[in-house]
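Here's the letter readout for the chains.
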Amino acid sequence: MADRSFLAWPFFDDSHRRLADDLEDWCRSELTDQDEQDVDEACRTLVRKLGEGGWLRYCVPADHGGIHENLDVRSLALIRETLARHSGLADFAFAMQGLGSGTITLFGTEAQKQAYLPGVARGEKIAAFALTEPASGSDVASMETAAEEIPGGYVVHGAKTYISNGGIADYYVLFARTGEAPGSRGISAFIVDRNTQGLDDSERIRVIAPHPLARLRFEGMQLPSTALLGERGRGFAHAMATLDIFRTTVAAAALGFARHALDEATRRAMTRRLGSGTLADNPITQSKLAEMVLDVDASALLIYRAAWLRDVAGQRNSREAALAKLYATDSAQSVIDKAVQIFGGLGVTHGVPVERLYREIRALRIYEGASEVQKVVIARAHLAEYRQ
Ligand SMILES: Cc1cc2nc3c(=O)[nH]c(=O)nc-3n(C[C@H](O)[C@H](O)[C@H](O)COP(=O)(O)OP(=O)(O)OC[C@H]3O[C@@H](n4cnc5c(N)ncnc54)[C@H](O)[C@@H]3O)c2cc1C
């Protein structure tokens, strides 16, 4: 049984503790199937189920079908941690509803919010966030996809890659260059519905932990002027503001994977015979378990501090979110690797939970800012303090 004593920490209030308990019960009854065969169908089903369960209401604000007036990062993190502990695909389905609607929540017009957010919350509209391009991944500001203004709207040429929910999304939040200035100041955000002419989302990418992922191509795709999301030329800032919220929750998903691995490894160590005792009696195994416990607790402290800072202290938390993401994702990889080691040959056997976790954790150290990018954010914030 994964440790839940952290729920008593002062970062949370009673509504968070109830949320964690209720979601735990829901996961136990609803997330029994870990089918990796047809991820599109599995994701559609999970989005619908998460909507019916009311969990997607945490992804949108209260006046458009949500729970909290503003997005509550502690709730989002608790939900991702809990879902990830039970099912990586359920966490993915939840996360993309949040990330793919976050820019609309933060910067959309009333009409855009009404058109998209209630459907996201009910699990009826599948959302996606299209930022990365083949030639510009980490270096977002150098993106090339262009939206040229024409009478009544825009015409878009270019490509995006590694877009989660690509191929099954009902709409994409797209970032494209509108040319007001070079670099980060010449980018705008748009909402693109799935059947828009000139959009091709049919080319799939297969990754080590399968989930819907695609390349998008835009060949003369026409958008009405009402598709513009937020301020023209401020798309980069809008994307970063959205990622600021969800970066902490990527760390929370990593924590969920790590807790699951620790739980599996502990049970295995306590039952696997080694000489006259069990693996758990062995001091080297105990040292591994101690390091895993430390990583899990340190991650949880960093994550819920970052979330609390934003929710309660109302502070911009880029530094703390970067610390949480860097530490939680890197250390979850190490926790899961130790779990695989404790399982021995069984740990690399297809279908065993730690083998799946070993594949699931890897991409979290790359997307929404690779570990190296988090280090840049942390060092910049640290040095700025000294330069004042
Ligand atoms: C499973 C998965 C899902 C994804 N989902 C989405 C999505 O829904 N929407 C979306 O827009 N994108 C998505 N992405 C893309 C993801 O955000 C990019 O892969 C990521 O930003 C890195 O870009 P890149 O792959 O082009 O790597 P590159 O930018 O080429 O970087 C390669 C490596 O260089 C290193 N590096 C990068 N920057 C620095 C630096 N400043 N200093 C030192 N080293 C550095 C890092 O180790 C990095 O891994 C997804 C990716 C994956 C793998």
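The notes below deal with the structure included here. Predicted model only: the values in this text are computed from it and were never measured.

Cut-off values and rules
Residues numbered from 1 in each chain as written. Predicted model: local features only at pLDDT ≥ 70, side-chain atom pairs only at ≥ 80, totals over all residues. Heavy atoms only, no water. 1 Å grid on protein atoms, 1.4 Å probe; cavity = no way out; pocket = protein on both sides within 12 Å on 5 of 7 lines; lining within 4 Å. Points joined across faces, edges and corners; volume = space filled by probe spheres on them. Helix = DSSP H or I, 4+ residues; strand = E, 2+ residues; numbered from the N terminus. Nonpolar A, V, L, I, M, F, W, Y, C, P; charged D, E, K, R; others polar. Salt bridge = Lys/Arg side-chain N within 4 Å of Asp/Glu carboxyl O. Buried < 20%, exposed > 50% of the residue type's maximum accessible area, 1.4 Å probe, protein only. Axes fitted to C-alpha atoms, helices over the stretch in contact; angles between N-to-C directions. Parallel < 35°, antiparallel > 145°, perpendicular 65-115°, else oblique. Left-handed = near helix turned anticlockwise from the far one by under 90°. Phe/Tyr/Trp six-rings, centres within 6.5 Å; stacked < 30°, edge-to-face > 60°. Lys NZ or Arg CZ within 6 Å of the ring centre and 35° of its normal. Pairing = 2+ DSSP bridges. Near = heavy atom within 4 Å. Polar contact = N/O pair within 3.5 Å; in protein donor to acceptor, adjacent residues only side chain to side chain. Areas by Shrake-Rupley, 256 points an atom, 1.4 Å probe, with all protein chains shown as cover. Expected span 1.5 Å × (residues − 1). Core = buried A, V, L, I, M, F, W, Y, C linked by side-chain atoms within 4.5 Å. Contact = heavy atoms within 4.5 Å.

Below, the discussion takes up empty space enclosed by the protein. Summary: where empty space remains is shown by rolling a probe the size of a single water molecule over the atoms. With the rule as written, the count across this model stands at 1 cavity of 30 Å³ or more. In this structure, the largest cavity encloses a volume near 30 Å³. A total of 4 residues in the lining of the largest cavity trace back to one element, the largest contributor, which is helix H3 (residues 73-86). Its residues assigned to classes, the lining of the largest cavity shows 3 nonpolar, 1 polar and 3 charged.

Quick look at the pattern of salt bridges now. Any two side chains of opposite charge can pair, on the condition that their charged atoms come close. The tally for this structure, following the rule as stated, stands at 26 salt bridges. In this structure, the salt-bridge partner of Asp91 is Arg80, at a minimum N-O distance of 2.7 Å. Placement of Asp91 in helix H4 (residues 88-107) and of Arg80 in helix H3 is noted, with a sequence separation of 11 residues between them. According to the relative accessible area criterion, Arg80 is buried, its value standing at 4%. With a shortest N-O distance of 2.8 Å, Glu355 and Arg359 are connected by a salt bridge. One end of the pair, Glu355, and the other, Arg359, are both in helix H9 (residues 353-360), 4 residues apart, so they sit about a helical turn from each other. For Glu355, a relative accessible area of 11% translates into the label buried. The buried category is assigned to Arg359, whose relative accessible area is 16%.

Helices that pack against each other are described as a pair by the angle of their axes relative to one another and the distance between those axes. Orientation of helix H7 (residues 283-311) relative to helix H8 (residues 318-343), taken along the N-to-C sense of each, is 155°, at an axis distance of 9 Å. Compared by their axis directions, H7 and H8 come out roughly antiparallel. In the packing of H7 onto H8, the handedness of the crossing is left-handed. A breakdown of the residues in the contact of H7 with H8 according to their chemical character gives 15 nonpolar, 5 polar and 7 charged.

With that out of the way, let us pick up the packing of aromatic side chains. What the rule picks out here adds up to 10 aromatic pairs. Ring centres 5.8 Å apart and planes at 25° place the aromatic pair Phe6 and Tyr304 in the stacked group. Remark: Tyr304 occurs in helix H7 and Phe6 occurs in the segment before helix H1 (14-30); sequence separation between them is 298 residues. Using a relative accessible area of 0% as the deciding quantity, one classes Tyr304 as buried. Among the aromatic residues, those joined into a ring-pair cluster are Phe6, Trp9, Phe11, Phe12, Tyr304 and Trp308. The ring of Phe6 carries the charged tip of Arg259 above its face, separated from the ring centre by 4.2 Å.

The next subject is unusual backbone geometry. Phi at Tyr162 is positive, roughly 55°, even though this residue is not glycine. Within the secondary structure, Tyr162 sits in strand S3 (residues 153-164).

Each regular strand shows side chains that alternate between the opposite faces of the sheet. Along S3, 9 of the 12 residues are buried, which leaves the element largely enclosed by surrounding structure. The loop that links strand S2 (residues 146-150) with its antiparallel partner S3 comprises 2 residues; one of these, Gly152, has a positive phi angle of about 85°.

Taken together, 19 residues sit near the ligand, with Phe129, Thr132, Ser138, Tyr162 and Ser164 positioned nearest. The separation between a nitrogen atom of the ligand and a polar main-chain atom of Phe129 is 2.7 Å. Interatomic distance of 2.9 Å between a backbone N/O atom of Leu131 and an oxygen atom of the ligand. Contact with the protein chains hides 66% of the accessible area of the ligand, taken as 970 Å² for the molecule alone. Of all elements in the fold, only strand S1 (127-130), S3 and helix H10 (371-387) reach the threshold of two or more residues within the shell around the ligand. Among the elements that take part in the shell around the ligand, S3 stands out by supplying 3 residues, more than any other.

What follows covers H8. Counted at 1.5 Å a residue, the expected span for H8 with its 26 residues is 38 Å, and the 37 Å between its end C-alpha atoms agrees. Within two residues after H8, Gly344 carries a phi angle of roughly 65°, on the positive side.

The next point concerns the nonpolar core. In globular proteins that are soluble, nonpolar side chains generally tend to be buried together. By size, the foremost hydrophobic cluster in this structure holds 52 residues, and its most contacted members are Leu83 and Phe175. A per-element tally of this core places H4 first, with 8 residues. Excluding residues that lie within four positions of it along the chain, Phe175 makes contacts with Thr103, Phe129, Ala130, Leu131, Met143, Lys160, Ile187, Ser188, Ala189, Gly235 and Ala239. Membership of the second largest hydrophobic core comes to 44 residues, among which are Trp9, Phe12, Leu78 and Ile361.

With respect to the helices and strands, the residue Arg85 is situated in helix H3. Taking the relative accessible area as the measure of exposure, Arg85 reaches 11% and is therefore buried. Residue contacts for Arg85: discarding those within four places in its chain leaves Ala2, Arg4, Glu24, Gly256, Arg259 and His260.

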